[in-house]
Amino acid sequence: MKFMKLGSRPDTFYTSEAVRSISSEVSSDLIIQVKGTRYLLHKFPLLSKCLRLQRLCSESPESSQHQIVQLPDFPGGVDAFELCAKFCYGITITLSAYNIVAARCAAEYLQMTEDVEKGNLIYKIEVFFNSCILHGWRDSIVTLQSTKAFPLWSEDLGITSRCIEAIASKVLTHPSKVSLSHSYSRRGRDDISCNGAESQRHKASTKGWWAEDMAELGIDLYWRTMIAIKSGGKIPSNLVGEALKIYASRWLPNISRNGRINNHEASDSDSDSATEVTSKHRLLLESIISLLPAEKGSVSCSFLLKLLKAANILNASSSSKMELARRVALQLEEATVSDLLIPCLSYTSDTLYDVDIVMTILEQFMLQGQSPPTSPPRSKLGFERRRSRSAENINFELQESRRSSSASHGSKLKVAKLVDGYLQEIAKDVNLPLSKFITIAESVPEFSRLDHDDLYRAIDIYLKAHPDLNKCERKRLCRILDCKKLSMEACMHAARNELLPLRVVVQVLFFEQARATMAGGKMTELPSNIKALLAGHGIDPSRPPPPLSTTSTIPGDDQWSIPGLKSPKSKLSTLRMKLAEDDELDENDLHPDGMGRTSKFKAFCALPARPKKMFSKLLSINRSSSEKN
């Protein structure tokens, strides 16, 4: 870092009985009081360079021996005043990026201009500032940082704006033409490989060399500098996003999964100070959100969700939350389940996680795909241009259109998998309303779920966590489940699940029986009655059902594998057991016609007409299979 020395005399200032003096054969005649510190000095060297002291001495009454001058609001305090006083005495002083702002403000306060004396302190500081400080990267950063101690003075003197312009111009310049910071230079040396060549990681990070050094700035100065950099239009949006991520990790508090802020500053302070720290973090967060590039993919979805989690905890403005939710929805397929687990700190809700904001994100996500890409309006001029195009260009546009459509379809498949995983997590919350669970489950289209194994697992977890659900609520919950999309393991688990409604178990057993019959190889063609039954449920009887996905993520200790249910006999016995249990539970219930159901036969007759036919077909198939064996 650059520095400049002024003066040639040795330092002869000393302290005696809390008074700062200078060794001299001439007796002192001026007392200057600066913020509690008294200086015993001489009029001639000071008044010859400081116009303000000339005016103050002329206005104040002169005592017998010493004239007293009060400087209570001196910028920079005693250090800056003593530096100016030493300059007046010709004592050697050193200026650098660390003290140049304080020295410049102090010289301006004392009015050490060229009108008083040629080559005065203000002139020398300005020359050093413009020719050296603003030409160095690290010097500009340090100088800009030091302006926060003198915000008004720095703005009036143009120090802040000149530093910001210098930093922005260096960011927009190729790094080979900039004097890099010590931290980046050290990081560059660490990226040198054993044979002396630069590693690829170092080359890739060269474009964002400025981000870590700029992260040392306070939010106000950082915001203004980033605005200047973005207005240049030369920095890619992904580099701006990476810089914001570095800054957020530097200044935002660490937030745990339960919503607590792991911040030493806030935890060790009293309530008033903690509130002030929270307000500071809230302002910082909202400033970062306002700086996010508009381009999709400029920042990761995980980072956006972390900002949303922080916004929820720090009680940021609703507009900031909605902006983050909209941005997350644009790239929701990149998110993970843990990213979506945003703690709920609302006093109006008892849920563990904020499911409302996730519902908003899903709504925004689905709004993207409602209007497929269409061709522009076919004006007459446009039609003539279209006719003049080559066939190759038209084919290329068609391919691009199909590619974008398939990407949208693939993103919905990923989001459906993400939603099912999220449902499994929030289903454990005993305070989660059934309506919100169903709304989230139905937020993705049906085609986006290739299988329903993960959805079934989420339903099973919800039923276990909410044992007080009545029969209507259980049926309402299970309506979102498509039994035809369950794998063999899921079907076997559902057949033994005591929490499922009876109708769901019947459907599971039927579709599993039909699938097992077609896959068994003993029959080349299904009977006509089974064909009709399958066709009534939307299954093509002329071909086997498509293979179901077996990629559901289920822990090893909770696999849906029950060997005892692999035989049709076991399935039917399980169905009879479920019918019996359903009859015992409903024996006091009344049918809509007022008649009590007190027998297994009435319970079975209470089923709709189609399930009864399904069950009878299952019995006939089992009998015929056992006779052949």
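Here the structure is shown first, and the text comes after it.
Parameters at a glance
- Residues numbered from 1 in each chain as written.
- Predicted model: local features only at pLDDT ≥ 70, side-chain atom pairs only at ≥ 80, totals over all residues.
- Heavy atoms only, no water.
- Helix = DSSP H or I, 4+ residues; strand = E, 2+ residues; numbered from the N terminus.
- Buried < 20%, exposed > 50% of the residue type's maximum accessible area, 1.4 Å probe, protein only.
- Contact = heavy atoms within 4.5 Å.
- Areas by Shrake-Rupley, 256 points an atom, 1.4 Å probe, with all protein chains shown as cover.
- Pairing = 2+ DSSP bridges.
- Axes fitted to C-alpha atoms, helices over the stretch in contact; angles between N-to-C directions.
- Parallel < 35°, antiparallel > 145°, perpendicular 65-115°, else oblique.
- Left-handed = near helix turned anticlockwise from the far one by under 90°.
- Nonpolar A, V, L, I, M, F, W, Y, C, P; charged D, E, K, R; others polar.
- Patch = residues over 30% accessible without salt bridge, like charges linked within 9 Å, V, L, I, M, F, W, Y side chains within 5 Å.
- Salt bridge = Lys/Arg side-chain N within 4 Å of Asp/Glu carboxyl O.
- Lys, Arg positive; Asp, Glu negative; His and termini not counted.
- Charge placed at Lys NZ, Arg CZ, Asp CG, Glu CD.
- Phe/Tyr/Trp six-rings, centres within 6.5 Å; stacked < 30°, edge-to-face > 60°.
- Core = buried A, V, L, I, M, F, W, Y, C linked by side-chain atoms within 4.5 Å.
- Polar contact = N/O pair within 3.5 Å; in protein donor to acceptor, adjacent residues only side chain to side chain.

**Student:** In this structure, what is going on with the overall build of the chain? I would like to understand it.
**Tutor:** Counting its secondary structure elements, the chain contains 30 helices and nine strands. Residues counted as buried form 45% of the 629 residues belonging to the chain. Put simply, 71% of the contacts in the chain that link residues at least 6 apart link residues at least 24 apart. Total accessible area on the chain is roughly 33,400 Å²; 53% of this is exposed by carbon and sulfur atoms.

**Student:** Is there a simple way to think about the sheet that holds strand 4 (residues 30-34) in this case?
**Tutor:** Sheet strands associate in pairs through backbone hydrogen bonding, adopting either a parallel or an antiparallel arrangement. Strand order in the open sheet made by the five strands is 2-3-5-4-6, with mixed pairing throughout. In the strand order of this sheet, the two ends are held by strand 2 (13-16) and strand 6 (67-70), each with one partner. For this sheet, the mean angle separating the axes of adjacent strands, direction not counted, is 25°. Pairing geometry for strand 4 and strand 5 (residues 37-41), over five bridges, is antiparallel. Across the sheet, Gln33 pairs through a bridge with Arg38, a residue of strand 5.

**Student:** Honestly, the packing of helix 23 (residues 453-465) against helix 24 (residues 471-478) in this entry has me stumped. Any pointers?
**Tutor:** Each pair of packed helices can be described by the angle between their axes along with the distance between the axes. Remark: helix 23 packs on helix 24, axes separated minimally by 11 Å, with the N-to-C direction vectors making an angle of 160°. Taken together, the axes of helix 23 and helix 24 lie roughly antiparallel to each other. Helix 23 and helix 24 meet at a crossing whose hand is right-handed. Packed against helix 23, whose contacting residues are Ile459, Tyr462 and Leu463, the element helix 24 presents Arg474, Leu477 and Cys478 at the interface. Of the residues belonging to the contact of helix 23 with helix 24, the class tally is five nonpolar, no polar and one charged.

**Student:** Mind showing me how you'd approach a positive patch on the surface here?
**Tutor:** A surface patch of positive charge is lined by Lys475, Arg476, Arg479 and Arg503. Along the polypeptide, Lys475 turns up in helix 24. Classification of Lys475 as partly exposed rests on a relative accessible area of 38%.

**Student:** Even after reading the chapter, I still don't get the pattern of salt bridges, so can you show me in this structure?
**Tutor:** Between side chains of opposite charge, a pair can form when the charged atoms approach closely. Enumeration over the complete set of coordinates arrives at 18 salt bridges. Where Lys417 meets Asp454, a salt bridge forms, and the shortest distance between an N and an O atom there is 2.9 Å. In this pair, Lys417 is assigned in helix 21 (residues 391-426) and Asp454 in helix 23, connecting sequence segments 37 residues apart. Note that Asp482 is salt-bridged to Lys484, the shortest N-O span being 3.3 Å. On the basis of relative accessibility, which here comes to 22%, the residue Asp482 falls in the partly exposed class. What you see here is one network of salt bridges that share partners, running through Asp11, Arg20, Glu82 and Lys86.

**Student:** When you look at the packing of aromatic side chains in this model, what are you seeing that I'm missing?
**Tutor:** Two aromatic rings, taken as a pair, are described by how far apart their centres are and by the angle between their planes. Under the defined criterion, the tally for this structure stands at ten aromatic pairs. Arranged with centres 3.8 Å apart and planes meeting at 15°, the rings of Tyr222 and Tyr247 form a pair that is stacked. Here Tyr247 lies in helix 13 (residues 237-251) and Tyr222 lies in helix 12 (residues 219-232), a separation of 25 residues in the sequence. Using a relative accessible area of 0% as the deciding quantity, one classes Tyr247 as buried. Centre to centre, the rings of Phe437 and Tyr462 are 4.8 Å apart; their planes meet at 35°, and the pair counts as tilted.

**Student:** I tried to follow the nonpolar core on my own but got confused; where do I start?
**Tutor:** If you look at soluble globular proteins, the nonpolar side chains tend to sit buried side by side. Residues Ile32, Leu71, Met112, Trp210, Met214, Leu332 and Phe437 are the most contacted members of the largest nonpolar core, which totals 153 residues. The element contributing the most residues to this core is helix 4 (residues 100-110), with nine residues. Among residues more than four places away in sequence, those in contact with Leu71 are Ile32, Gln33, Val34, Lys35, Leu53, Leu56, Phe81, Tyr109 and Leu110.

**Student:** Could you clarify how one ought to interpret the side chain of Gln33 in this entry?
**Tutor:** The residue Gln33 is located in strand 4 in this model. Of the polar contacts made by the side chain of Gln33, one reaches the side chain of Arg38; its length is 3.3 Å. Residues within four places of Gln33 in sequence aside, it is in contact with Arg38, Val69, Gln70 and Leu71.

**Student:** Sorry if this is basic, but what is going on with unusual backbone geometry here?
**Tutor:** What is expected of a backbone is that most residues other than glycine have negative phi and most peptide bonds are trans. The phi angle at Ala18 is positive, at roughly 65°, despite the residue not being glycine. Position of Ala18 relative to the elements: it lies in the loop between strand 2 and strand 3 (19-22). Ala18 gets classed as exposed once you look at its relative accessible area, which sits at 65%. Phi at Asn315 is positive, roughly 60°, even though this residue is not glycine. You can see Asn315 is positioned in the loop between helix 16 (301-313) and helix 17 (318-330).

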